[in-house]
Amino acid sequence: MIVTEKKSYNTIDSYPGMTHNVVMILKHRVRATQKNTAWVFNTETAETSQAFFSRKLKPICGDYVELVGSGTDLKIQSICERDNTFDRADRKGRPQHIAANIDQMVIVLAVEPAPTRDIINRYLIAAELNRLKAVLVFNKSDLDSDIFDEDIKRYQALSYATIKCSTKDIGSLTAVNDIFLNKTSIIVGQSGVGKSSLSQFILQDDSLKTGKLSQKTGKGAHTTSVTQLYPLKEANSYLIDSPGVWEYGLWLMSALDLAQGFIEFNVYAGQCKFSNCSHIHEPGCAIMAATDAGEIMYERYESYLRIVDSMKYWS
Ligand SMILES: Nc1nc2c(ncn2[C@@H]2O[C@H](COP(=O)(O)OP(=O)(O)OP(=O)(O)O)[C@@H](O)[C@H]2O)c(=O)[nH]1
Ligand SMILES: [Mg+2]
Ligand SMILES: [Zn+2]
């Protein structure tokens, strides 16, 4: 896995002569955290153990960590440098890290509960800004098979991968299965869209219901309350199931940053009259001109304006 190699080189650079420890660092991956303990997966033995950590360390799901100690007395010594994180706004509008070292965001939408306005675009902004590949999964097609057809066309035109499926139709899930191979994927979306149902299918072993983690944390199979990493049977394939949120909140950021989250705007980079153009009211704006010309979809531009406006909430 490229990610792993890159990390080991970084670590060798920072700790010359300590190469034997590098294996230790990459061997253990955080599955879930509680107050001051973490469930840590050993990628060599496929065992999960509990390890303590001091409050200032703050490991998160997906972190590679270095452990010290033995048996049941394990402690997280350090966290390996993160490649990236999936974030959402905390109560003060700051980015709160939910999971680390992710290759792909699987954004689940459903016929019911229907997506809130702009939710797809907000997730896509987070994906673009954190350099995560994004896949849009439109679930519960058994309830209505074509309600999302317009959306699917729209996002495919922007080159995003899309899948229409239902967890009640096994045949429709083959395509979903394939996207998880050789990657770490985080499944996100509103509560009740079917993230855990999809995870359960992909894991195939009901571990969401009966797994060690569920038993120890005492959580039932429904309404996920902790972000958890699950290793798939295939090597280097991990799935992270996350609790649904009603409204995915982006952390406080400028219009300039938000605009970078709209991939189709990038073609026009540097073409506005003013270099700090917010694409809202400035004369000579290339984004507004492209929207008027129909080169940028009006729905997406409108959504951009609403999301920029929503940042007022944090001030
Ligand atoms: N009709 C239909 N129901 C589905 C489908 N997928 C999941 N469900 C149902 O939707 C409900 C919610 O599913 P979950 O998998 O728990 O949803 P979730 O996204 O993990 O929800 P949170 O953990 O609260 O974020 C359950 O009752 C599922 O049986 C589907 O494709 N069609
Ligand atoms: Mg769930
Ligand atoms: Zn502009």
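Residues numbered from 1 in each chain as written. Chains lettered and ligands numbered in written order. Predicted model: local features only at pLDDT ≥ 70, side-chain atom pairs only at ≥ 80, totals over all residues. Heavy atoms only, no water.

Comments concerning the coordination of the zinc ion (ligand 3)
Point 1. Protein coordination at the zinc ion (ligand 3): the donors are Cys272 (SG), Cys277 (SG), His279 (ND1) and Cys285 (SG), at 2.1 to 2.4 Å from the metal.
Point 2. Bound by four donor atoms, the zinc ion (ligand 3) shows angles of 103 to 115° at the metal and therefore tetrahedral coordination geometry.
Point 3. In terms of primary sequence, the donors binding the zinc ion (ligand 3) are separated according to C-x4-C-x1-H-x5-C.
Point 4. Given a relative accessible area of 14%, Cys272 falls into the buried group. (Donors = N, O, S within 2.8 Å, 3.2 Å for Na, K, Ca; no water. Tetrahedral: all angles 85-135°; square planar, octahedral: opposite > 155°, others 65-115°. Buried < 20%, exposed > 50% of the residue type's maximum accessible area, 1.4 Å probe, protein only.)

Topic: the nonpolar core
Point 1. Counting residues in each nonpolar core, the largest one holds 56 residues, and the members touching the most others are Phe86 and Leu250.
Point 2. Considering every element that reaches this core, the biggest residue donor is helix H3 (residues 119-129), with seven residues.
Point 3. Discounting chain neighbours no more than four positions away, the residues touching Phe86 are Gln96, His97, Ile98, Ala99, Ile102, Met105, Tyr123, Ala126, Asn130, Ile186, Val188 and Tyr248.
Point 4. Residues Ile163, Leu173, Ile179 and Leu198 belong to the second largest nonpolar core, which totals 19 residues. (Core = buried A, V, L, I, M, F, W, Y, C linked by side-chain atoms within 4.5 Å. Helix = DSSP H or I, 4+ residues; strand = E, 2+ residues; numbered from the N terminus. Contact = heavy atoms within 4.5 Å.)

Describing helix H6 (residues 195-203)
Point 1. The buried fraction of H6 is high, at seven of nine residues.
Point 2. All buried positions along H6 are accounted for by Lys195, Ser196, Leu198, Ser199, Gln200, Ile202 and Leu203.
Point 3. Following H6 by one or two positions, Gln204 has its phi on the positive side, about 60°.

What to know about the environment of Val176
Point 1. Topologically, Val176 is positioned in helix H5 (residues 174-178).
Point 2. The exposure class assigned to Val176 is buried, which follows from its relative accessible area of 1%.
Point 3. Taking the C-alpha atoms as reference points, Val176 and Ile202, 26 residues apart in sequence, are found 8.1 Å from one another.
Point 4. Not counting the four nearest positions on each side in its chain, Val176 is found in contact with Ile163, Cys165, Leu198 and Ile202.

Focus: helix H4 (residues 149-157)
Point 1. Within the sequence span of H4, burial applies to Asp151, Ile152 and Tyr155. The buried residues of H4 occupy an angular sector of 100° when projected down its axis, which confines them to one face. Set apart from the buried face of H4 by more than 90 degrees, the exposed residues are Glu150, Lys153 and Ala157.
Point 2. Along its buried surface, H4 packs onto H3, strand E9 (133-139), strand E10 (161-164) and helix H11 (298-310).
Point 3. One or two positions beyond H4, positive phi appears at Ser159, with a value near 75°. (Arc of directions from axis to C-beta.)

Some thoughts on the side chain of Ser166
Point 1. Residue position: Ser166 is located in the loop between E10 and H5.
Point 2. A distance of 3.0 Å separates a polar atom in the side chain of Ser166 from the backbone nitrogen of Lys168.
Point 3. Apart from residues no more than four positions distant in its own chain, Ser166 is found in contact with Asn139, Lys140, Ser141, Asp142, Ser172 and Leu173. (Polar contact = N/O pair within 3.5 Å; in protein donor to acceptor, adjacent residues only side chain to side chain.)

Topic: the pattern of salt bridges
Point 1. The final tally for this structure, using the stated rule, is 11 salt bridges.
Point 2. A salt bridge links Glu44 to Lys27, with the shortest nitrogen-to-oxygen separation between them at 3.8 Å. Taken together, the positions of Glu44 in the loop between strand E2 (37-42) and strand E3 (48-52) and Lys27 in helix H2 (residues 19-27) put the pair 17 residues apart, joining distant regions of the chain.
Point 3. Residue Arg94 pairs with Asp90 through a salt bridge whose shortest N-O separation is 2.9 Å.
Point 4. Overlapping salt bridges bring together Asp151, Arg154 and Glu299 as one network. (Salt bridge = Lys/Arg side-chain N within 4 Å of Asp/Glu carboxyl O.)

Comments concerning the confidence of the model for the protein chain
Point 1. For the protein chain, the mean per-residue pLDDT works out to 87, and 86% of the residues sit at or above 70.
Point 2. Confidence, read as mean pLDDT per element, is least for helix H1 (residues 2-14) in the protein chain (37) and greatest for helix H10 (residues 286-292) (98).
Point 3. Scored below 50 in pLDDT, residues 1-25 shows 31 contacts in the model against residues more than four places distant or in partner chains.
Point 4. Throughout residues 210-221 the model reports pLDDT below 50, and contacts reaching past four residues in sequence, or to other chains, amount to 20 contacts. (pLDDT = per-residue confidence, 0-100.)

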